[in-house]
Amino acid sequence: MSVEATTRTGPWGRLFERLAAARDLHSRAKWASAESGFRALLADLAEFDPGRLDAKGRAQWAELMVRSYLGLSNPVYALTGSLGEALALCDRAAEIESRVHDPSMSCLIFVQRGVLHSRSGDVRQALEHLTEAVETPGLNGHRDLAIAYLNRGAVFGMLGEFSDALRDYEEARAHAVALGDPQFVSFALHNFGYAQYTLGDLPGALRSMEQARLAAPDQDDGIPELGRAEVLFESGLLADAEQLLSRAADRLARAALRSDHAVAEWFRARAMMGLDRFDEAQAQAAQARRRFERGGQRSMAALARVLELEALLSAARRAPGRYPLATARRWARKALVVAEAGDEAGPTFGYHPGHTARLVAARWFLLSGDVDAARSVRAQMPRTMTSAPLTVRLQHYTVQAELAFATADRARGLRAVRAGLGLLTSHRSRLGSVESVTAAAAHGVDLTRVDVEAAVRTGRPEALFDALERGRATFAGTGRVTPPDDPEAAALLTEARALLVRARELGADQSGEREMLTRRATRIQGEVRERSWRHAGNAGAVQRPVTARELRGILNVRDRDSVVANFVSMNGTLRCVRVDATSVTAVDIGPADDVVEHVRRLTADFAMAANDLIPAPLRAAATASLERNLKALDAILLAPLRADGDLYVVAREPLLSVPWAALPSRSGLRTSVNSYVARGRTHARPTGEGKLLAAAGPGVRHGADEARAVGEQWPGATVLTGKDAVTEQVRKALATHDVVHLATHGQHDADNPLFASIDLADGPLFAHELDGTPLPGSVVILSSCEVGGSTQVLGGELLGLTSVLLRLGARAVIASVAKLSDELAARVMPRLHAHLRETDDPEAALAAALTDVAQPVPLVCFSSVEGLTAG
């Protein structure tokens, strides 16, 4: 007889209410209060003489006793960590049940024993108990069935049986909904989301977990944060995951959820690893290991120990010579000891500690130069790991590639690299937001580094070029080809825009209110950002990488004087692979720090030279300094390349902040820039034709005149000025027009690059608002201050307004990478459009527009290589 089915009246009804109150305290992890409630209830129940009760009374007394003993076992285990004490309480419950022989009570005892064994790490015993409870007739209340399926689903997850876990969570959710208890609905939804995560549906997991949060918004035991953080980690959003894990760990500690607290620390150590915080990662992993050891969770303890050794390994790989070879071999042998312990403990949550330990051991042996030992360790492992988590599978491919390259089997090494990148391609195809796609690159850092380093050792520039583009092309493009259907996000962005407009209109004496409005807008932007992570991908195939051989063929047909310069920074040295129609060569440019310093000075010089409020002598000094730094960068970057014709620059930061067209040797020459060798269309439209929109934003002194002058260059152009230049009109134009010119101020937000924006009459238009909007191979000109900037995120990918426009399909984006005065932009832009209309060649149009302009202009054309078609 279940507690749900029992009619409770009089004294029994009040006792059942006390039971429900104690269980509520338990569900909210108020362990001490829950223990007191259960013990007080048991003490009062002990006053009854069951022999003097009628049959109905004895049944209710027995049910209360059994449920109270089982309930008490939870806070006892949480507070003491003693499995023996908790199971003894289950035995007391079984003694009571034996007097009444109630099948439902018997099944509940099986459930609770399963719960306790799962918390102690004995998952096989837990599964046995929980399956007995589910498959034996007896459980008939929605609450009890929800608990049973929730816990068996969790055990299936610990065993790596994620499809079985998903089915159990679906059952639990159905019973929770029928029960009408928000807390149980939340538990079921959260665990359902966790199963989606383990099966690779990360956006779906975040959606389910958000539904769980809304069902029980007051849950503060850290479990919701832990689950979401694990999904963010798998998505590659490591900094966000690490911050959320820190908060989760604090809450889990307060709730005395020891096992989950240790899991949070373990995941946080993994996030720190990805963020290159190796010493912190090692310390955090050691702390998690000690907690797992105290809790008897041998599999997780082994995984934490592996992570300690991996943190040491990563630090050693970034600092060659940090450890003598003998020390590296000693660490490898320590990893093998952990592997044996991991084999004995067995897998958990899809992770096999023995396998992960051997992967780390093999890499330590390779670092020590003992290739034979590494090969021997690799031979002890499965050939494939198709059921392992993403990060373990990638590590497996990385070890295979590194070992093959070390034994001069380059073909096998490249097969492993391509297999790993293929896995990442499949992973990113499920992600819908631009940010998620770029974040996924964090998981490929080690694999691409191994590929690039092996290519350098061949001494063949072609191999280095191909290795660079293999990794970069994997994360090019967008996650969606249709905008997400998310009216709530649109409403939030409208609210944020209104707040920023109000802040902009406040006077200088209202700085406090301005800061308050800006903080509110930032919080809303954060909410919109999180919503975007829940959007599923639908972009289809990822662009295949361009090879040096293919590129040479295109250059040979199109323009034998063109040069493609593919830059990469390695170990503090800037290198360039130079490709023309006849050869591929490698050029050592010099220390990367020298370039960083010149770019920093250029940015400051442009800002001062463009500021009319600064006295003329100071602006003249800034202009002189600007010209010196441009000449210096020209000598460093371009002189060694001998690029006398068209130049296509491929680079990451800080080189994307270089005003390439302003370098003296590029005057009058076509110059284009991108973060990878992008494919594009050879002919976008017939020359002299095109649908143009020009818009002028507020606060641009010559903006309206500039927009009208640009419009005069294009028959039938649409020109928006004043109150007509609003975000909705510009957003639509970007999706429908061949050429879009925006004479507006803009900002690049380095900390939140998807909220880089341009200012329009009704407020800022954010890069985030364009995500998923396909652009028709258009040319976009951003006549804005520094809106051409970008932020290089973990994994090397770039985010900013320019990069988003290119990912969404723009053929070219002409934007400023430094401060550009309104007056100078108004003079240059009509000339640029006159050439663009006649030639349909944005690179040539920019070069012609800047010819004979006295001042250096920081405009850059970001575009694809002409003649390289998608495919």
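Read on for a plain summary of the structure. Note that the structure is a prediction, hence the values are computed from the model and not measured. (Residues numbered from 1 in each chain as written. Predicted model: local features only at pLDDT ≥ 70, side-chain atom pairs only at ≥ 80, totals over all residues. Heavy atoms only, no water.)

Considerations on the overall build of the protein chain
For the protein chain, the helix and strand inventory stands at 33 helices and 16 strands. The globule rule puts the C-alpha radius of gyration for 871 residues at 29 Å, and the 32 Å found for the protein chain is close to it. Taken over the C-alpha atoms alone, the protein chain extends approximately 110 × 70 × 45 Å along its principal axes. Across the 871 residues of the protein chain, 57% fall into the buried class. Put simply, of all contacts in the protein chain between residues at least 6 apart along the chain, 72% involve residues at least 24 apart. About 34,200 Å² of surface is accessible on the protein chain, with carbon and sulfur atoms providing 50% of the total. The distance from the centre of the 102 positive side-chain charges to the centre of the 106 negative ones in the protein chain is 3 Å. (Helix = DSSP H or I, 4+ residues; strand = E, 2+ residues; numbered from the N terminus. Rg over C-alpha atoms; globule rule 2.2 N^0.38 Å. Buried < 20%, exposed > 50% of the residue type's maximum accessible area, 1.4 Å probe, protein only. Contact = heavy atoms within 4.5 Å. Areas by Shrake-Rupley, 256 points an atom, 1.4 Å probe, with all protein chains shown as cover. Lys, Arg positive; Asp, Glu negative; His and termini not counted. Charge placed at Lys NZ, Arg CZ, Asp CG, Glu CD.)

Some words on the packing of aromatic side chains
Within this structure, the stated rule accounts for 10 aromatic pairs. Ring geometry for Phe233 against Phe267: centres 5.6 Å apart, planes inclined by 80°, an arrangement best described as edge-to-face. Of the two residues, Phe233 is situated in helix α11 (residues 223–235) and Phe267 in helix α13 (residues 258–274); the sequence distance between them amounts to 34 residues. The same class applies to Phe233 and to Phe267, which are both buried. Between the aromatic rings of Phe567 and Trp660, the centroid separation amounts to 5.9 Å while the plane-to-plane angle is 35°, which identifies the pairing as tilted. A residue pair is termed long-range when its members are at least 10 positions apart, and Phe567 in strand β1 (residues 563–570) and Trp660 in the loop between β4 (647–650) and β5 (671–674) qualify at 93 residues. Looking at Phe567, the relative accessible area reads 2%, which means it is buried. An aromatic cluster of three or more residues is present, and its members are Phe233, Trp266, Phe267 and Tyr351. (Phe/Tyr/Trp six-rings, centres within 6.5 Å; stacked < 30°, edge-to-face > 60°.)

Structural notes on the nonpolar core
Within soluble globular proteins, side chains that are nonpolar generally end up buried alongside one another. In this structure, Trp266, Phe267, Phe292, Leu309 and Trp364 are the most contacted members of the largest nonpolar core, which totals 97 residues. Val434, Val595, Leu720 and Ala756 belong to the second-largest nonpolar core, a separate cluster that totals 63 residues. (Core = buried A, V, L, I, M, F, W, Y, C linked by side-chain atoms within 4.5 Å.)

Focus: a positive patch on the surface
Judged by side-chain charge, Arg502, Arg519, Arg520 and Arg523 come together as a positively charged surface patch. By residue number, the principal contributor to the positive patch is helix α25 (residues 511–532), which donates 3 residues. Structurally, Arg520 can be placed in helix α25. On the basis of relative accessibility, which here comes to 31%, the residue Arg520 falls in the partly exposed class. (Patch = residues over 30% accessible without salt bridge, like charges linked within 9 Å, V, L, I, M, F, W, Y side chains within 5 Å. Salt bridge = Lys/Arg side-chain N within 4 Å of Asp/Glu carboxyl O.)

Structural notes on helix α19 (residues 390–406)
Its 17 residues place the ends of α19 24 Å apart at the C-alpha level, agreeing with the 24 Å of an ideal helix rising 1.5 Å per residue. Within α19, 13 of the 17 residues are buried, which leaves it mostly tucked inside the rest of the structure. (Expected span 1.5 Å × (residues − 1).)

Considerations on the sheet that holds strand β11 (residues 763–766)
Reading across from one edge, β9-β10-β11 is the order of the 3 strands in this open sheet, with antiparallel pairing throughout. Of all the strands in the sheet, just β9 (746–747) and β11 have a single pairing partner and so form its edges. In terms of strand pairing, β9 meets strand β10 (residues 757–760) through 2 bridges, oriented antiparallel. Note on β10: the bridge partner recorded for Gly746 is Ile758. (Pairing = 2+ DSSP bridges.)

A look at the packing of helix α17 (residues 353–368) against helix α18 (residues 371–379)
Look at α17 against α18: their axes get within 7 Å of each other, and the N-to-C directions meet at 165°. With respect to each other, α17 and α18 are oriented roughly antiparallel. Crossing angle aside, the handedness with which α17 passes α18 is left-handed. Contact residues: Arg358, Ala361, Ala362, Phe365 and Leu366 in α17; Val371, Ala373, Ala374 and Val377 in α18. Looking at side-chain class alone, the contact of α17 with α18 contains 8 nonpolar, no polar and 1 charged residues. (Axes fitted to C-alpha atoms, helices over the stretch in contact; angles between N-to-C directions. Parallel < 35°, antiparallel > 145°, perpendicular 65-115°, else oblique. Left-handed = near helix turned anticlockwise from the far one by under 90°. Nonpolar A, V, L, I, M, F, W, Y, C, P; charged D, E, K, R; others polar.)

Quick look at the packing of α11 against α13
Relative orientation of the contacting elements α11 and α13 amounts to 25°, with a least axis distance of 11 Å. It follows that α11 is roughly parallel to α13 by the angle criterion. Two packed elements cross with a definite hand, and for α11 against α13 that hand is left-handed. Between α11, through Ile223, Leu226, Glu230 and Phe233, and α13, the contact on the second element is made entirely by Asp260, Val263, Ala264, Phe267, Arg270 and Ala271.

Remarks on the pattern of salt bridges
For the coordinates displayed, the defined rule picks out 49 salt bridges. With its nearest N and O atoms 2.7 Å apart, the salt bridge here joins Glu265 to Arg291. With Glu265 in helix α13 and Arg291 in helix α14 (residues 278–294), the pair connects residues that are 26 residues apart, well separated along the chain. On the basis of relative accessibility, which here comes to 3%, the residue Glu265 falls in the buried class. Judged by its relative accessible area of 26%, Arg291 falls in the partly exposed class. Three or more residues are tied together by salt bridges with common partners; here these are Arg317, Arg363, Glu402, Asp446 and Arg449.

Regarding the environment of Glu171
As for its position among the elements, Glu171 is in helix α8 (residues 162–179). Spatially, the C-alpha atoms of Glu171 and Leu145 are 8.4 Å apart, while their sequence positions differ by 26 residues.

Observations regarding the environment of Ala411
As for its position among the elements, Ala411 is in helix α20 (residues 410–429). Owing to a relative accessible area of 44%, Ala411 belongs among the partly exposed residues under this scheme. Taking the C-alpha atoms as reference points, Ala411 and Ala401, separated by 10 residues in sequence, lie 9.5 Å from one another.

Re the pairing of strand β3 (residues 584–591)
Examined bridge by bridge, strand β2 (residues 573–579) and β3 share 7 bridges and lie antiparallel to one another. From the neighbouring strand, Val577 faces β3, where its bridge partner is Ala586. Linking two consecutive strands that pair antiparallel, namely β2 and β3, is a turn of 4 residues.

Digging into the pairing of β11
Residues in a regular strand point their side chains to alternate faces of the sheet. Pairing geometry for β10 and β11, over 4 bridges, is antiparallel. Within the sheet, the bridge partner assigned to Asp759 lies in β11 and is Pro764. The antiparallel pairing of β10 with β11 creates a hairpin that spans 2 residues between the two strands.

Some remarks on the environment of Glu597
Looking at the element boundaries, Glu597 is found in helix α27 (residues 592–609). Under the relative-accessibility criterion, Glu597 is labelled partly exposed at 27%. Along the sequence, Glu597 and Asn629 sit 32 residues apart, while their C-alpha atoms lie 9.8 Å from each other. A distance of 2.5 Å separates the side chain of Glu597 from the side chain of Arg600, its partner in a polar contact. Side-chain polar atoms of Glu597 contact the side chain of Arg601, separated by 3.0 Å. (Polar contact = N/O pair within 3.5 Å; in protein donor to acceptor, adjacent residues only side chain to side chain.)

A short note on unusual backbone geometry
For residues besides glycine, phi is generally negative; the peptide bonds are generally trans as well. For the bond running from Glu653 to Pro654, omega is 10°, close enough to zero to count as cis. As for its placement among the helices and strands, Pro654 is situated in the loop between β4 and β5. Non-glycine residue Ala256 carries a positive phi angle of around 60°. Mapped onto the fold, Ala256 is located in the loop between α12 (238–254) and α13. A positive phi angle, close to 50°, is found at Phe349, a residue other than glycine.

Comments concerning the state of the cysteines
Within this structure, the stated rule accounts for 0 disulfides. Sulfur of Cys90: no disulfide; nearest cysteine sulfur belongs to Cys107 and is 14 Å away. With relative accessibility at 0%, the residue Cys90 sits in the buried group. (Disulfide = S-S within 2.5 Å.)

Remarks on the side chain of Ser73
Looking at the element boundaries, Ser73 is found in helix α3 (residues 55–80). Residue Ser73 is classed as buried on the basis of its relative accessible area, which comes to 0%. Side chain to side chain, Ser73 and Gln112 meet in a polar contact 2.9 Å long. When residues no more than four places from it in sequence are discounted, the contact partners of Ser73 are Ala86, Leu89, Cys90, Gln112 and Leu116.

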